[in-house]
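Single-letter residue listing:
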Amino acid sequence: MLNRALAALDVWFVRRTGWLAHPRAGMVAAVLIPVLFGLMSMVIGQDANWDLRNYHLYNVHALLNDRLGFDLAPARFQTYFNPTLDLLYYGLNRLSPPLVVGFVMGALHGLNFVLVLGIARQLTGAGADLRLPLLLAAAAVLGPGFRGELGNTMGDNTTALFLLGGLYLALSRWQAMLDQNVKGTMAVLGAGLLMGLGTGLKLTNLPYAVAMCLAFLCVPLPYRRRFAMAFLFGIGVSAGVALTSGWWFLKMWQMFGNPLFPQFNNIFHSPWAAETGVIDTSFLPKTLLEYLRWPFIFASDFHRVTEVAHSLVMWPVTYTLLAMFGVLALLRRVRGVTLPSVGPRGRFFLVFCGLAYLVWMRMFSIYRYLIPLELLVPLIIWLLWRGIATSAQAAHRLAGMTLVVLLLCATATPQWGNAQWGAQAYSAEVPAFEAPAQSVIFFAQPEPPMGWMATMFPPQVKFIGVDTGFPESPAWRQRMRQAVAERSGPHYVMLGAVKNEKLDTLRNKLAAAQWLGLTDDAAGCAKLDWLGRVVRLQVELRRLPSGGCTFELPPRYRDIDLATPNRAIVDAAAQHLQRFGIAVDVASCNVYPAALARKTYMYQLCRAIPAMTAN
């Protein structure tokens, strides 16, 4: 009965997806899918994630405006991360409207579909059903991690292009690599170069470069040739890292005596940072048993590997299939049964993926660094079923059913933070400064991140982070005191502020009404008045002398006490800064609005009186 049901389902599926077997379907999909993801990025809204507000915008601003040695860690220790990857987003926002930037970023991320499609075609082989690689690639770009970062600046979706590109190059030139001819040599170097470019742009991609280097030791060649291939790949990786990150390493070495400043300062011993590794180990498994059960643990509790909700059931399923694959392969070999073959490319691919997971688990265990591997999970599942099932047809059916169930279990998209589109990507109301060239603004809170705010203030103002997450050494604190002593003031401290949460909703509703042209005249306002009586808009309609109208908050939402919580923020910061010789003039604090697109972030600016001296 099960076989008949599956056969009937298979017939129905073939009939419904027959158009995917057209010879040009892959080419059409390679164009349409990135465009679709660009449009999806526009629907999602402008990126407003925590890292963007902390350092993605600030770091490029600091680089282009010669502020690397001028400001002192306003974006915590991330102030000194390589800004190369963020140049694209920063430049796009200077040249294009925010909506266009969102489309470009989403379409760029959608190119991962094209690369996964190419990899799938290499693994499925020339004689396979043309629909198979298309369906596997479609499943790949529906994973929760990839969807959660669509169009944003966190970099995992962007750098995945280089990593997948390196893998595709190795698989597509497989025979040439085995023949050790010129094309094969260039393919190994090229794969290493692409992996190195991705690693240099985001150092957390190192597990993939290490995994592929080790995977080359498993190709079906004499051991001497395997080591030569791995060495050649390593040269390519080194060249790629040098191209995207070498200039930054040199700059950090010249400025601070540590190419990875302030990280790994327990190795480089720069006087400008404490001698710590500055590596987040809080997500790592704690015991050997946790290492062995890790996919099951983080699938049941996403907090173990990420800060926002993810549905990660794909990983224990893949882990279980891998165990079944290994046990069945061993039993079949012992019994002398012919093994279903995944082919040499398939074995190389599975070894690479397995090693990448192991290195990631040991080094980071932060889920977003696993997104390049998440994009390959459908291919892994299909290959594992190909090695488990007794026939190719059964493998296709089982893999298809598995992927459908997994995708249904992961329909929710992780939320890293987005805002409704506005005319400007980011903006702020900045007060006038008496003497900006003599002023210092202190950042004194780890939350909320304020680095992006520094990009909109007068360039003469100096920003200094005080105990916000940078590993300050005695020499660094002396440098802070010297910077303050060189400026006569007035000085300030910037703090977060609470806001009326209903204001953003009000602005969004008003923007929608204005876009529809309903606020321009009496007729449109009458329609809004009728709509307000039918639907609970939670706004009041106010007529304007011009004949139009606007929205206001009802009194119950308008008269909210914001002063008390804002004063509590100031008092807490004042107590914190007192330990560093900085007094806060509580009575001088003023609240100002800032915004990412149409999402408001209020901030406070208070006079600060530092007792810091150069001595």
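Relevant structure appears above.
Rules of the game
- Residues numbered from 1 in each chain as written.
- Predicted model: local features only at pLDDT ≥ 70, side-chain atom pairs only at ≥ 80, totals over all residues.
- Heavy atoms only, no water.
- Helix = DSSP H or I, 4+ residues; strand = E, 2+ residues; numbered from the N terminus.
- Rg over C-alpha atoms; globule rule 2.2 N^0.38 Å.
- Buried < 20%, exposed > 50% of the residue type's maximum accessible area, 1.4 Å probe, protein only.
- Contact = heavy atoms within 4.5 Å.
- Areas by Shrake-Rupley, 256 points an atom, 1.4 Å probe, with all protein chains shown as cover.
- Lys, Arg positive; Asp, Glu negative; His and termini not counted.
- Charge placed at Lys NZ, Arg CZ, Asp CG, Glu CD.
- Disulfide = S-S within 2.5 Å.
- 1 Å grid on protein atoms, 1.4 Å probe; cavity = no way out; pocket = protein on both sides within 12 Å on 5 of 7 lines; lining within 4 Å.
- Points joined across faces, edges and corners; volume = space filled by probe spheres on them.
- Nonpolar A, V, L, I, M, F, W, Y, C, P; charged D, E, K, R; others polar.
- Phe/Tyr/Trp six-rings, centres within 6.5 Å; stacked < 30°, edge-to-face > 60°.
- Lys NZ or Arg CZ within 6 Å of the ring centre and 35° of its normal.
- Axes fitted to C-alpha atoms, helices over the stretch in contact; angles between N-to-C directions.
- Parallel < 35°, antiparallel > 145°, perpendicular 65-115°, else oblique.

Peer 1: Break down the overall build of the chain for me, with residues and values.
Peer 2: When helices and strands are tallied, the chain shows 24 helices and ten strands. The C-alpha atoms of the chain give 28 Å as radius of gyration, which agrees with the globular expectation for 615 residues (25 Å, within 12%). Counting only C-alpha atoms and orienting by the principal axes, one finds that the chain spans roughly 85 × 70 × 45 Å. Counting all 615 residues of the chain, 51% fall into the buried class. Pairs at least 24 apart in sequence give 72% of the contacts found in the chain among residues at least 6 apart. When the accessible surface of the chain is totalled, it reaches about 27700 Å², and 64% of it is carbon and sulfur. Each charge class in the chain can be summarised by its mean position, and for the 51 positive and 33 negative side chains these summaries are 13 Å apart.

Peer 1: Could you give an account of the state of the cysteines, naming the residues involved and the relevant values?
Peer 2: Under the defined criterion, the tally for this structure stands at two disulfides. Across a sulfur-sulfur distance of 2.2 Å, cysteine 525 and cysteine 549 are joined as a disulfide pair. Where cysteine 525 bonds to cysteine 549 through sulfur, the torsion about that S-S bond is close to -100 degrees, and the disulfide is left-handed. Here cysteine 525, found in helix α22 (residues 522-534), pairs with cysteine 549, found in strand β8 (residues 549-552); they are 24 residues apart in sequence, far enough to count as distant. Classification of cysteine 525 as buried rests on a relative accessible area of 0%. You can call cysteine 549 buried: its relative accessible area is 4%.

Peer 1: Now, about the layout of surface pockets: what can you tell me, with residues and values included?
Peer 2: Counted as a void, the largest pocket has a volume near 1200 Å³. Contributing to the lining of the largest pocket are 42 residues, with Phe77, Phe81, Thr204, Gln263 and Tyr369 lying nearest its centre. If you list the elements that add at least two residues to the lining of the largest pocket, you get α3 (50-64), α10 (182-201) and α12 (223-256). Within the lining of the largest pocket, the residues separate by chemical class into 26 nonpolar, nine polar and seven charged.

Peer 1: With reference to specific residues and values, describe the packing of aromatic side chains.
Peer 2: All chains considered together, the criterion is met by 29 aromatic pairs. When the ring of phenylalanine 256 is compared with that of tryptophan 476, the centres are 6.4 Å apart and the planes differ by 55 degrees; the resulting orientation is tilted. Linking phenylalanine 256 in helix α12 with tryptophan 476 in helix α20 (residues 474-485), this pair joins segments that are 220 residues apart in sequence. On the accessibility criterion, phenylalanine 256 (2% relative accessible area) is buried. Owing to a relative accessible area of 1%, tryptophan 476 belongs among the buried residues under this scheme. Within the aromatic cluster, the residues linked to one another by ring pairs are Phe433, Phe443, Phe457, Phe463, Tyr492, Tyr592 and Tyr603. For lysine 462, the ring lying beneath its charged end belongs to phenylalanine 70, and the centroid distance is 3.9 Å.

Peer 1: Could you give an account of unusual backbone geometry, with specific residues and numbers?
Peer 2: A cis amide bond, omega -5 degrees, links glutamate 447 with the succeeding residue proline 448. Residue proline 490 follows glycine 489 across a cis peptide bond; omega there is 5 degrees. When you line up the elements, proline 490 lands in the loop between α20 and β6 (491-496).

Peer 1: Lay out the packing of helix α5 (residues 98-124) against helix α18 (residues 377-388) with the relevant residues and their values.
Peer 2: Direction vectors running N to C along α5 and α18 enclose 10 degrees, while the axes themselves pass 10 Å from each other. What the angle tells us is that α5 and α18 run roughly parallel. Across the interface between the two elements, Val116, Ile119, Ala120, Leu123 and Thr124 from α5 touch Leu379, Trp382 and Leu383 from α18. The residue makeup of the contact of α5 with α18, split by class, is seven nonpolar, one polar and no charged.

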